[in-house]
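# Architecture and fold: a report
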Amino acid sequence: MYNLTIAHLYPEQMNIYGDRGNIITLRQRCAWRDITTTLVPVMPGSNIDWQSVDLAFFGGGQDSGQALIAADFVEQQAEPLRRAAETGMVLLAICGGYQLLGHYFLTHTGEKLPGIGLLDVHTVGSTQRLIGNLLIEANWGTGSQTLVGFENHSGGTFLGSGVKPLGKVLAGHGNNGKDGSEGAVWQNVIGCYMHGSLLPKNPHFADHLLELALQRRYGSNATLKPLDDQLELAAHNTMLERLKG
């Protein structure tokens, strides 16, 4: 029987626009397949064995919540988390979590807030917010796939050469509203701006993350049993048609 350890970074401070639903989705999709999960909450001051973590999730938060955890993340969690990511740990980060994985966030007032540099991106603040539903075309090795979500951010994120975008914006703003990209990917680390929450209405993406985590832990032959995703895909397709229209 498979078991996965899932870490949830700062669940009290970084949980906005339904982001906690991503954890619920991951665990439920495992339970339906008789895969047991161990959930590890990462709170300020927590001492985490990151090498034992298979999959981590870092949600978004208001500026006040992000300020509460930024120092702990950079000073306590960054290096062991980086070592785990370098050996293939799966990490999904959204909005504020995504920004903290980059090199820095330059606020619209000129303050430079450091990130951990795990992703080769940087973020520049603006007085304009990028808000609305978001549709992207992504490709993670199984052909073109669509992802739907909701974005609300004032920071524009720009990619360096060390990452590739998660996908191409078909509707909405994405990373910065200028270059047509959304998200960033390096190894099994994925950052994006897709709240909503992302995984319940993108079951194919949830399974992609779970399969990466299983294969890191149990080898390349580890696969997921198919599920009946009729309801989840109906939600996905409803948003898809709305945004395409």
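A brief look at the structure comes next. Every value quoted in this text rests on a predicted model; they were computed, and no experiment measured them.

### Looking at the state of the cysteines
- Following the criterion strictly, the structure yields 0 disulfides and no others.
- As a non-bridged cysteine, cysteine 30 has cysteine 192 as the owner of its nearest cysteine sulfur, 19 Å distant.

### Side note on the packing of aromatic side chains
- Under the counting rule described, the total for this entry stands at 7 aromatic pairs.
- Judged by centre distance (5.2 Å) and plane angle (45°), the ring pair of tryptophan 140 and phenylalanine 205 falls under tilted. Of this pair, tryptophan 140 sits in the loop between β7 (121-139) and β8 (144-159) while phenylalanine 205 sits in helix α4 (residues 203-218); the two residues are 65 residues apart in sequence, bridging distant segments of the chain.
- Judged by its relative accessible area of 0%, phenylalanine 205 falls in the buried class.
- Ring pairs connect the aromatic residues Tyr10, Phe58 and Phe73, which therefore count as one cluster.

### Examining helix α1 (residues 20-31)
- For α1, which comprises 12 residues, the first-to-last C-alpha distance of 17 Å matches the rise-based estimate of 16 Å (1.5 Å per residue) to within 8%.
- Gly21, Asn22, Ile23, Thr25, Leu26, Arg29 and Cys30 are the residues of α1 that are buried.
- Looking at the packing, one finds that the buried side of α1 touches β1 (3-9), β2 (36-42), β3 (55-58), β4 (90-94), α4 and α5 (230-244).

### A look at the nonpolar core
- Counting 63 residues, the largest nonpolar core has Leu9, Trp50, Phe58, Leu91, Leu92 and Phe205 as the members making the most contacts within it.
- Leucine 9 has contacts with Met14, Val42, Trp50, Ala56, Phe57, Phe58, Phe73, Leu81 and Leu91, leaving out every residue within four places of it along the chain.
- Residues Leu135, Ala171, Leu240 and Leu243 belong to the second largest nonpolar core, which totals 6 residues.

### Quick notes on the pairing of β3
- The alternating pattern of β3 places Leu55 and Phe57 and Ala56 and Phe58 on opposite faces, both of which are buried.
- Here β1 pairs with β3 via 4 bridges, running parallel. Paired with histidine 8 across the strands is phenylalanine 57, a residue of β3.
- Sheet analysis places β3 next to β4, joined by 4 bridges and oriented parallel. Pairing of phenylalanine 58 across the sheet is with alanine 93, part of β4.

### Here's the deal with the side chain of threonine 123
- By secondary structure assignment, the location of threonine 123 is in strand β7.
- Residue threonine 123 is classed as buried on the basis of its relative accessible area, which comes to 0%.
- Within the local environment of threonine 123, its side chain forms a polar contact with the side chain of threonine 157, the two groups lying 2.8 Å apart.
- In contact with threonine 123, not counting residues within four places along its chain, are Gln99, Tyr104, Phe105, Leu106, Gly155, Gly156, Thr157 and Tyr193.

### Remarks on the environment of glutamate 211
- Residue position: glutamate 211 is located in helix α4.
- Along the backbone, glutamate 211 and proline 41 are 170 residues apart, and their C-alpha atoms lie at a distance of 21 Å.
- Here glutamate 211 is in contact with Ala222, Thr223 and Leu224, once residues within four sequence places are set aside.
- Within the local environment of glutamate 211, its side chain forms a polar contact with the backbone nitrogen of leucine 224, the two atoms lying 3.3 Å apart.

### What about the sheet that holds β4?
- Judged by pairing direction, the sheet is mixed, and its 6 strands sit side by side in the order β2-β1-β3-β4-β12-β11 without closing on themselves. Of all the strands in the sheet, the pair left with one neighbour each is β2 and β11 (184-186). Direction aside, neighbouring strands of the sheet carry axes that sit 15° apart on average.
- α1 contacts β1, β2, β3 and β4 of the sheet and is inclined by roughly 175° relative to β1.

### Quick notes on unusual backbone geometry
- Across the junction of glycine 196 and serine 197, the peptide omega takes the value -10°, indicating a cis bond.
- Inspection of the secondary structure assignment puts serine 197 in the loop between β12 (189-192) and α4.
- Of note, the phi angle at tyrosine 10 is positive, near 50°, even though the residue is not glycine.
- Counting through the fold element by element, tyrosine 10 comes out in the loop between β1 and α1.
- What makes tyrosine 10 buried here is its relative accessible area of 0%.
- Notably, aspartate 34 is not glycine yet its phi reads approximately 60°, a positive angle.
- With respect to the helices and strands, aspartate 34 occurs in the loop between α1 and β2.
- Taking relative accessible area as the criterion, aspartate 34 reaches 52% and is therefore assigned exposed.

Reading the values: the criteria
Sequence order as written defines residue numbering, which begins from 1 separately in each chain. A pLDDT threshold of at least 70 governs which residues receive local features in this predicted model, and a stricter bar of 80 or more applies before side-chain atom pairs are shown or counted, although totals over entire chains, interfaces and linings include all residues. Where side-chain values are given, they derive from all heavy atoms of the structure, hydrogens and water being excluded. Working definition: a disulfide is two cysteine sulfur atoms within 2.5 Å of each other. Ring pairs shown here join Phe, Tyr and Trp side chains whose ring centres sit within 6.5 Å, with only the six-membered ring taken for Trp; geometry is labelled stacked below 30 degrees between planes, edge-to-face above 60, and tilted in between. Secondary structure elements follow DSSP: runs of H or I of four or more residues count as helices, runs of E of two or more count as strands, with numbering from the N terminus. Accessible area is worked out with a 1.4 Å probe on protein chains only. A residue is then buried under 20% of its type maximum, exposed over 50%, and partly exposed in between. Multiply 1.5 Å by the residue count of a helix minus one, and that product is the helix's expected span. Residue contacts are defined here by distance: any two heavy atoms, one from each residue, within 4.5 Å place the two residues in contact. In plain words, nonpolar cores are sets of buried Ala, Val, Leu, Ile, Met, Phe, Trp, Tyr and Cys residues tied together by side-chain atoms within 4.5 Å. Strand pairing is defined by DSSP finding a minimum of two bridges between the two strands. The definition of a polar contact used here is a pair of N or O atoms within 3.5 Å, where within protein one atom must be able to donate a hydrogen and the other to accept one, and adjacent residues in sequence count solely through side-chain atom pairs. Note on method: axes are straight lines fitted to C-alpha atoms, helices fitted across the in-contact stretch only, with angles between N-to-C directions ranging 0 to 180 degrees.

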